[in-house]
Amino acid sequence: MDDLIETTQQRSDAQLIAAVRAGDTAAYGLLFQRHAAAATRLSRQLLSTGEADDLVSEAFLKVLSLLQDGKGPDEAFRAYLLTAVRRLHVDRIRATTRTRPTDDEHVLDRGVPFDDAVSAAFENDAAARAFASLPERWQLVLWHLEVEGQKPAAVAPLLGMSPNSVSALAYRAREGLRAAYLESHAAATTDEACRAVTPLLGGFVRQTLSARDTAKVDRHLDGCRRCTGVHLELVEVNQNLRGLLAPALLGPAAAGYLGATGTAAAALGAGGIAAGGAWAT
Ligand SMILES: [Zn+2]
């Protein structure tokens, strides 16, 4: 019952986004309050404090104008905002070094992780692609729980759900991510033996296969370097989603972003809200 009262009082990110699209700019103030600390945390990995706060304001304005144009995220606000911070930062650097590309906004709107030298070297972008193919609701829950390490109770208001429902959603989202990941690999091979084994790898990693299927996968992995690679990456998807996704979306600042403590984040958040209070009015 408490859950019900709480969820009816607090609008989810998806509801706030819909309200902004319908012309309710004050709803954007609530999104700002929820996510400014995170944007500031990332931005301060990239720039000095004053410049970082400017970048955060610019990113919020950018996403606001995209939402008002009917573009941008429907639910997964946090990951989209952080991608915007990173892209705007990269755009600033580019603007000072050479002619600005014309299709930046297009790329930003598709939410494509920016492709710079560092992320090109990042070898696990298959996981990032699989993540991007998921429904936004699943992206949201995985981002906040797995990457940012938040508790279901902290994520519940963003989704307008009870903490138990968040946990159940996260379970389905993890299953969905594994399936999307394996699907992309299965589609990429024409080898019959590999195609037969790839769908079993998810169960193999979770040790839920029958003894016979386990032996079948074991035999295949002994002789197939490709599937061994897929298997190892899937173990990463299972155990270290944050290590795979954070660098793909946040770039070189990922480690610093994730390393900032909760206390530091709260302190940054207070400053960020004060600096950008324009949306709260
Ligand atoms: Zn194989």
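The text that follows walks through the structure, step by step, so that each part is easy to find.

Calculation criteria
- Residues numbered from 1 in each chain as written.
- Predicted model: local features only at pLDDT ≥ 70, side-chain atom pairs only at ≥ 80, totals over all residues.
- Heavy atoms only, no water.
- Helix = DSSP H or I, 4+ residues; strand = E, 2+ residues; numbered from the N terminus.
- Polar contact = N/O pair within 3.5 Å; in protein donor to acceptor, adjacent residues only side chain to side chain.
- Contact = heavy atoms within 4.5 Å.
- Donors = N, O, S within 2.8 Å, 3.2 Å for Na, K, Ca; no water.
- Buried < 20%, exposed > 50% of the residue type's maximum accessible area, 1.4 Å probe, protein only.
- Core = buried A, V, L, I, M, F, W, Y, C linked by side-chain atoms within 4.5 Å.
- Salt bridge = Lys/Arg side-chain N within 4 Å of Asp/Glu carboxyl O.
- Bend = angle between axes of the 7 residues up to and from the residue.
- Axes fitted to C-alpha atoms, helices over the stretch in contact; angles between N-to-C directions.
- Left-handed = near helix turned anticlockwise from the far one by under 90°.
- Nonpolar A, V, L, I, M, F, W, Y, C, P; charged D, E, K, R; others polar.
- Parallel < 35°, antiparallel > 145°, perpendicular 65-115°, else oblique.
- Phe/Tyr/Trp six-rings, centres within 6.5 Å; stacked < 30°, edge-to-face > 60°.
- Lys NZ or Arg CZ within 6 Å of the ring centre and 35° of its normal.

Some points on the side chain of His-35
(1) Moving on: Tracing the chain through its elements places His-35 in helix H3 (residues 25-46).
(2) Moving on: Within polar-contact distance, the side chain of His-35 engages the side chain of Asp-13 at 2.9 Å.
(3) Moving on: Every residue in contact with His-35, bar those within four places of it in the chain, is listed here: Asp-13, Phe-60, Phe-77, Arg-78, Leu-81, His-144 and Leu-158.

A short note on unusual backbone geometry
Among all residues save glycine, negative phi is the norm, and among peptide bonds the norm is trans.
(1) Moving on: One non-glycine residue, Gln-207, lies in positive phi territory at about 60°.
(2) Moving on: You can see Gln-207 is positioned in the loop between helix H13 (201-206) and helix H14 (211-223).

A few points about the coordination of the zinc ion
(1) Moving on: The coordination sphere of the zinc ion contains the protein donors Cys-194 (SG), His-220 (NE2), Cys-224 (SG) and Cys-227 (SG), at a distance range of 2.1 to 2.3 Å.
(2) Moving on: Every donor residue of the zinc ion comes from the same chain, spaced as C-x25-H-x3-C-x2-C. For the pair His-220 and Cys-224, one class covers both residues: buried.

Some words on the nonpolar core
(1) Moving on: Formed by 80 residues in total, the largest nonpolar core has its most connected members in Tyr-28, Phe-60, Phe-77, Val-141, Trp-143, Tyr-181 and Leu-250.
(2) Moving on: In terms of residue count, helix H4 (residues 49-68) provides more of this core than any other element does, nine residues in total.

Focus on the pattern of salt bridges
Side chains that carry opposite charge are capable of pairing whenever their charged atoms lie near each other.
(1) Moving on: Applying the stated criterion to the full structure yields twelve salt bridges.
(2) Moving on: With a closest N to O distance of 3.5 Å, Arg-41 and Glu-148 form a salt bridge. One end of the pair, Arg-41, is in helix H3; the other, Glu-148, is in the loop between helix H9 (136-147) and helix H10 (152-159), with 107 residues separating them in the sequence. Across the pair, exposure class does not vary: Arg-41 and Glu-148 are buried alike.
(3) Moving on: The salt bridge partner of Arg-174 is Glu-146, with a shortest N-O separation of 2.4 Å. With a gap of 28 residues between them, Arg-174 in helix H11 (residues 163-187) and Glu-146 in helix H9 connect regions that are remote in the sequence.

Details of H3
(1) Moving on: If you look at H3, its biggest bend is around 50°, right at His-35.
(2) Moving on: A distance of 3.2 Å separates the backbone nitrogen of Ala-26 from a side-chain oxygen at the start of H3, and that oxygen is part of Asp-24.

Details of the packing of H14 against helix H15 (residues 225-239)
(1) Moving on: The contact between H14 and H15 brings their axes to 6 Å, and the two run at 115°. Viewed along their axes, H14 and H15 form a crossing whose handedness is left-handed. Of the residues in H15, those in contact with His-220, Leu-221 and Gly-223 of H14 are Arg-225, Cys-227, Thr-228 and His-231.
(2) Moving on: Residue composition of the contact of H14 with H15, grouped by class: two nonpolar, four polar and one charged.

Thoughts on the packing of helix H2 (residues 13-21) against H3
(1) Moving on: Where H2 meets H3, the closest approach of the two axes is 8 Å, and the angle between their N-to-C directions is 140°. Judged by the inter-axis angle, H2 sits oblique to H3. Crossing of H2 over H3 shows left-handed handedness. Judged by residue contacts, Asp-13, Leu-16, Ile-17, Ala-19 and Val-20 of H2 engage Ala-27, Tyr-28, Leu-30, Leu-31, Arg-34 and His-35 from H3.
(2) Moving on: Across the contact of H2 with H3, the residue classes break down as eight nonpolar, one polar and two charged.

Observations regarding the packing of aromatic side chains
(1) Moving on: Evaluation of the coordinates by the stated rule reveals four aromatic pairs.
(2) Moving on: Taken together, a centroid distance of 6.0 Å and an interplanar angle of 80° make the contact between Tyr-28 and Phe-60 edge-to-face. Here Tyr-28 is found in helix H3, whereas its partner Phe-60 is found in helix H4, with 32 residues between them in sequence. Residues Tyr-28 and Phe-60 agree in their burial class; the two are buried.
(3) Moving on: A centroid spacing of 4.4 Å and a plane angle of 55° characterise the contact between Phe-32 and Phe-60, whose relative ring orientation is tilted. Of the two residues, Phe-32 sits in helix H3 while Phe-60 sits in helix H4, which places them 28 residues apart along the sequence.
(4) Moving on: Looking at Phe-32, the relative accessible area reads 3%, which means it is buried.
(5) Moving on: One residue, Arg-41, lies across the ring of Tyr-257, its end atom 4.3 Å from the ring centre.

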